[in-house]
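The primary structure of each chain is shown beneath.
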Amino acid sequence: YGSEDIELLPNGLAFISSGLKYPNVKSFAPDRPGEILLVDMNDDVLHPEPLQLSEGVDASSFNPHGLSVYIDERDGTVYLFVVNHPDHKSFIEIFKFDEKQKTLLYLKTIKHPLLHSVNEIVAVGPESFYATNDHYSHSTHMKFLEGFLGLKWTNVVYYSPGDVREVASGFYSANGIAISNDKKFIYAVDLTGHTVNVYEKLANWSLTFLKAVDVDTCADNLFVEPVTGDIWTGAHPNLYKVFDYKNEDPPGSEVIRIQNIHSDQPIVTRVYVNNGSVIQATSVAVVYKKKLIIGTVFQKALYCQLD
């Protein structure tokens, strides 16, 4: 029922966001609440299992979208940030991950007028993060017009309890976002602009635009490989098919890898391409020890062994 976003822990455990209901996007289980799955990528055979949500969040209206993990270096506490769309609103839920009990312990819900159409987030502290808004307007009709007219109205917002502000703008449709391994740079996708934008993160959390890397497709969520710093993304070769779903002509899938993104000549490679016969509407790709999981907006996930 979807694997829209995947967040990987250093030990190989991965969180999967499943069951997203999004306006004008296909759902194979429209009445089934969303859930967060856990899978151990160290296993030879992968077995995703749903995590229990503690009291504090309404499981019946849980509608998870983007995910991000923050690990407290002092005590190893794992915080999971979840973009949640109950009744098509935009909230950020913060959980503490209890690995022994396989439970997400609810800590806090964040809502703010600047976080009105959140797609993806990257956590930078126990209660702070960068978030992308994929639309400026609130109504479905106006959101359609934004895309039809090619308006560059979407943005990136920085949030902390004492500081909330726009830090990047001018996106056709801001989408995936990630942070470099050295924590010095932020990468943000412009979905319909076909770019991955690179920003320097300043000491006051502002962002300075450095460059835009053309990926020649509609990139979605981002994953930064821990060892190499390579950026992986799931992508939509034909975004129109995602929003106008047809069984006989389903949306295809791509996995893109960007190497040396900070160099003068980044290398953009299509690692996987499919016309929808195997996997549809790919949104994310995560690598761990030569294993690749490809997630989708509303369909299944695909597990591959890399050469």
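Residues numbered from 1 in each chain as written. Predicted model: local features only at pLDDT ≥ 70, side-chain atom pairs only at ≥ 80, totals over all residues. Heavy atoms only, no water.

- Looking up the chain in an unreviewed UniProt entry gives the name Paraoxonase, with the organism given as Aquarana catesbeiana.
- In UniProt, the chain has this text filed under Sequence similarities (unreviewed entry): "Belongs to the paraoxonase family."
- In its Catalytic activity (unreviewed entry) section, UniProt records this for the chain: "a phenyl acetate + H2O = a phenol + acetate + H(+)". (UniProt positions renumbered as here; feature names shortened; annotations may be inferred.)

**Focus on unusual backbone geometry**
Then comes step 1: In the Ramachandran plot, His 194 falls in the positive-phi region, its phi being about 65 degrees despite a non-glycine side chain.
Then comes step 2: Relative to the helices and strands, His 194 resides in the loop between β15 (185-190) and β16 (195-201).
Then comes step 3: Despite not being glycine, Asn 260 shows a phi value in the positive range, around 55 degrees.
Then comes step 4: With respect to the secondary-structure elements, Asn 260 resides in the loop between β20 (253-259) and β21 (267-274). (Helix = DSSP H or I, 4+ residues; strand = E, 2+ residues; numbered from the N terminus.)

**Regarding the sheet that holds β15**
Then comes step 1: Ordered in space as β14-β15-β16-β17, the four strands form an open sheet in which the pairing is antiparallel. The sheet is open, and its two edges are formed by β14 (174-179) and β17 (207-214), each paired on a single side. Strand after strand, the sheet turns through a mean of 25 degrees between neighbouring axes, direction not considered. (Pairing = 2+ DSSP bridges. Axes fitted to C-alpha atoms, helices over the stretch in contact; angles between N-to-C directions.)

**A look at the UniProt feature "glycosylation site" (unreviewed entry) in the chain**
Then comes step 1: Mapped onto the present numbering, the UniProt feature "glycosylation site" (unreviewed entry) falls at Asn 275.
Then comes step 2: Within the element layout of this structure, Asn 275 appears in the loop between β21 and β22 (282-288).

**Observations concerning the pairing of β22**
Then comes step 1: The element β22 is largely enclosed, with a buried count of seven among its seven residues.
Then comes step 2: Relative to strand β23 (residues 291-296), β22 is paired through six bridges, and the arrangement is antiparallel. Paired with Val 286 across the bridge in β23 is Ile 293.
Then comes step 3: From the end of β22 to the start of β23, which pair antiparallel, there are two residues, and Lys 289 there has a positive phi angle of about 50 degrees. (Buried < 20%, exposed > 50% of the residue type's maximum accessible area, 1.4 Å probe, protein only.)

**Details of the UniProt feature "active site" (unreviewed entry) in the chain**
Then comes step 1: Mapped onto this numbering, the UniProt entry annotates "active site" (unreviewed entry) at His 65.
Then comes step 2: Positionally, His 65 belongs in strand β6 (residues 64-71).
Then comes step 3: When its relative accessible area of 2% is taken as the criterion, His 65 is described as buried.
Then comes step 4: Residues contacting His 65, with those up to four places away along its chain left out, are Glu 4, Asp 5, Ser 17, Leu 20, Tyr 22, Val 83, His 85, Val 118, Asn 119 and Asp 134. (Contact = heavy atoms within 4.5 Å.)

**Some remarks on the pattern of salt bridges**
Then comes step 1: All told, the structure shown has nine salt bridges when counted by the stated rule.
Then comes step 2: Of the charged contacts, one joins Arg 32 and Glu 35 as a salt bridge, the two residues approaching to 3.3 Å between their closest N and O atoms.
Then comes step 3: Between Arg 74 and Asp 72 there is a salt bridge whose closest N-O contact spans 2.8 Å.
Then comes step 4: Of the residues examined, Asp 72 reaches a relative accessible area of 5% and is grouped as buried.
Then comes step 5: Sharing partners across several salt bridges, the network here consists of Asp 216, Glu 254 and Arg 270. (Salt bridge = Lys/Arg side-chain N within 4 Å of Asp/Glu carboxyl O.)

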